[in-house]
Amino acid sequence: QVQLIESGGGLVQAGGSLRLSCAASGRTFSGYAMGWFRQAPGKEREFVATITWSGGNTYYADSVKGRFTISRDNAKNTVYLQMNSLKPEDTAVYYCAATHRLTSAAKNDYHYWGQGTQVTVSS
């Protein structure tokens, strides 16, 4: 089992920045690829970014490419999502998740999920 706890969400104006953190406990964190997903009201949960266990490869949804950066610190059992140039359409609950797969953008491939953190971007 892996337990995931997100933090760092909040209210920010358009054009601003936030950094989300996801702290993991339980099984060896470095053995998992990690992902960030988000879900806006009335919408499906969607892929945002993912990072391989080593941190050597990252992948992003087109909607956030160039604005968001995913990273991880295996010594601290933590994955981050740096979000810059935020837009109102980025408003959502953001979830981190862990998968046994090398990498994936499919939410069904993720086995463990955090409880989510709210990000609200005002215009």
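From a predicted model like this one, the values you see are computed outputs, not experimental measurements.

The rules behind the values
- Residues numbered from 1 in each chain as written.
- Predicted model: local features only at pLDDT ≥ 70, side-chain atom pairs only at ≥ 80, totals over all residues.
- Heavy atoms only, no water.
- Disulfide = S-S within 2.5 Å.
- Helix = DSSP H or I, 4+ residues; strand = E, 2+ residues; numbered from the N terminus.
- Buried < 20%, exposed > 50% of the residue type's maximum accessible area, 1.4 Å probe, protein only.
- Salt bridge = Lys/Arg side-chain N within 4 Å of Asp/Glu carboxyl O.
- Pairing = 2+ DSSP bridges.
- Axes fitted to C-alpha atoms, helices over the stretch in contact; angles between N-to-C directions.

A.B. asks: Would you mind showing me how to read the state of the cysteines here?
C.D. replies: A covalent bond bridging the sulfur atoms of two cysteines is what the word disulfide describes. Summed over the entire model, instances satisfying the criterion amount to one disulfide. Disulfide pairing is shown between Cys 22 and Cys 96; the S-S distance is 1.9 Å. Looking along the S-S bond of the Cys 22-Cys 96 disulfide, the torsion reads about 45°, which is the right-handed sense. Here Cys 22, found in strand β3 (residues 18-26), pairs with Cys 96, found in strand β9 (residues 92-99); they are 74 residues apart in sequence, far enough to count as distant. Like Cys 96, Cys 22 is buried.

A.B. asks: What is the right way to read the pattern of salt bridges from this model?
C.D. replies: Charged atoms that come close allow side chains of opposite charge to pair. Per the counting criterion, the structure on display carries five salt bridges. A salt bridge links Glu 46 to Arg 38; the shortest N-O distance between them is 2.6 Å. Given the relative accessible area of 37%, Glu 46 is considered partly exposed. Its relative accessible area of 6% is what places Arg 38 among the buried residues. A salt bridge links Arg 101 to Asp 109; the shortest N-O distance between them is 3.1 Å. On the basis of relative accessible area, Arg 101 is assigned to the partly exposed category, the value being 49%. Because the salt bridges share partners, they merge into one network encompassing Arg 38, Glu 46, Arg 67 and Asp 90.

A.B. asks: Sorry if this is basic, but what is going on with the sheet that holds β3 here?
C.D. replies: Hydrogen bonding along the main chain pairs the strands of a sheet, whether they run parallel or antiparallel. Strand order in the open sheet formed by four strands is β1-β3-β8-β7, with antiparallel pairing between adjacent strands. Strand pairing shows two members of the sheet lacking a second neighbour, β1 (2-7) and β7 (68-73), which therefore form its edges. Ignoring which end each strand starts from, the neighbouring axes of this sheet average 15° apart. Note that β1 and β3 share six bridges and pair antiparallel.

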